[in-house]
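The lines below spell out each chain.
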Amino acid sequence: QVQLVESGGGLVQPGGSLRLSCAASGIIFSINVMGWYRQAPGTQRELVATIRSGGSTVYADSVKGRFAISRDNAKNTVYLQMNSLKPEDTAVYYCNVDATTGPFSRRVYWGQGTQVTVSS
């Protein structure tokens, strides 16, 4: 099993910044893709950004140029630097990890979610 611990959410004013972290622990052979998703009340969960083990990234159009995803492979940790935050970025942010934990064991794990609120 893989455990994901998220941190860094909170309340911030429009234009402000936050940095989210998500650390994976457990018996992990390798981590393929790490990412962040978000879900606002009454909406579907949506992709924010992903990063592959080699470093290639994908961003939602709504966050391009404002958010940056990165990872520390030695620490099995993924980060999301969020700048120029807007009220529409308000949501619960979920960490997502595609991990291999054994010869035939590969699956996606989700964090518990961390609230990000952008408001004046």
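Quick look at the structure, then. (Residues numbered from 1 in each chain as written. Predicted model: local features only at pLDDT ≥ 70, side-chain atom pairs only at ≥ 80, totals over all residues. Heavy atoms only, no water.)

Some points on the overall build of the chain
If you tally the helices and strands in the chain, you get 0 helices and 11 strands. Mapped in sequence order, the helices and strands of the chain form the string β-β-β-β-β-β-β-β-β-β-β. Taking 120 residues into account, the globule formula puts the C-alpha radius of gyration at 14 Å, and the chain, at 14 Å, falls close to it. Going through the 120 residues of the chain one by one, you find that 43% of them count as buried. For the chain, restricting intrachain contacts to residue pairs at least 6 apart in sequence, the fraction spanning at least 24 positions comes to 54%. Summing over all exposed atoms, the chain offers an accessible surface of approximately 6,200 Å²; the carbon and sulfur share of this is 50%. Across the chain, the mean location of the 11 positive side-chain charges is 5 Å away from that of the 7 negative side-chain charges. (Helix = DSSP H or I, 4+ residues; strand = E, 2+ residues; numbered from the N terminus. Rg over C-alpha atoms; globule rule 2.2 N^0.38 Å. Buried < 20%, exposed > 50% of the residue type's maximum accessible area, 1.4 Å probe, protein only. Contact = heavy atoms within 4.5 Å. Areas by Shrake-Rupley, 256 points an atom, 1.4 Å probe, with all protein chains shown as cover. Lys, Arg positive; Asp, Glu negative; His and termini not counted. Charge placed at Lys NZ, Arg CZ, Asp CG, Glu CD.)

Overview of the pattern of salt bridges
In the structure shown here, the tally under the stated rule is 5 salt bridges. Across the pair Arg38 and Glu46 runs a salt bridge, and its minimum N-O distance is 2.7 Å. Between Arg106 and Asp98 there is a salt bridge, with the nearest N and O atoms lying 2.8 Å from each other. Its relative accessible area of 11% is what places Asp98 among the buried residues. Connected via shared salt-bridge partners are Arg38, Glu46, Arg66 and Asp89. (Salt bridge = Lys/Arg side-chain N within 4 Å of Asp/Glu carboxyl O.)

With respect to unusual backbone geometry
Unlike most non-glycine residues, Asn76 shows phi in positive territory, near 50°. Here Asn76 shows up in the loop between strand 7 (67-72) and strand 8 (77-82). Looking at Asn76, the relative accessible area reads 23%, which means it is partly exposed.

What about the nonpolar core?
Side chains of nonpolar character tend, in soluble globular proteins, to be buried together. Core analysis: the biggest nonpolar cluster contains 30 residues, and Trp36, Leu80, Met82 and Tyr93 have the highest contact counts within it. Looking at this core, the elements that each hand over two or more residues are strand 1 (2-7), strand 3 (18-26), strand 4 (30-39), strand 5 (46-52), strand 7, strand 8, strand 9 (91-102) and strand 11 (114-118). (Core = buried A, V, L, I, M, F, W, Y, C linked by side-chain atoms within 4.5 Å.)

Regarding the sheet that holds strand 3
Pairing in this open sheet of 4 strands is antiparallel, and the strands run 1-3-8-7 from one edge to the other. Because the sheet does not close on itself, it has two edges, and the strands there are strand 1 and strand 7. Strand-to-strand, the axes of this sheet are offset by a mean angle of 15°, without reference to chain direction. Both strand 1 and strand 3 contribute to a ladder of 6 bridges, which runs antiparallel. From the neighbouring strand, Glu6 faces strand 3, where its bridge partner is Cys22. (Pairing = 2+ DSSP bridges. Axes fitted to C-alpha atoms, helices over the stretch in contact; angles between N-to-C directions.)

Thoughts on the environment of Ile51
Relative to the helices and strands, Ile51 resides in strand 5. Since its relative accessible area comes to 5%, Ile51 is described here as buried. Apart from the residues within four sequence positions on either side, Ile51 is in contact with Asn32, Val33, Met34, Ser56, Thr57, Ile69, Ser70, Arg71 and Val78.

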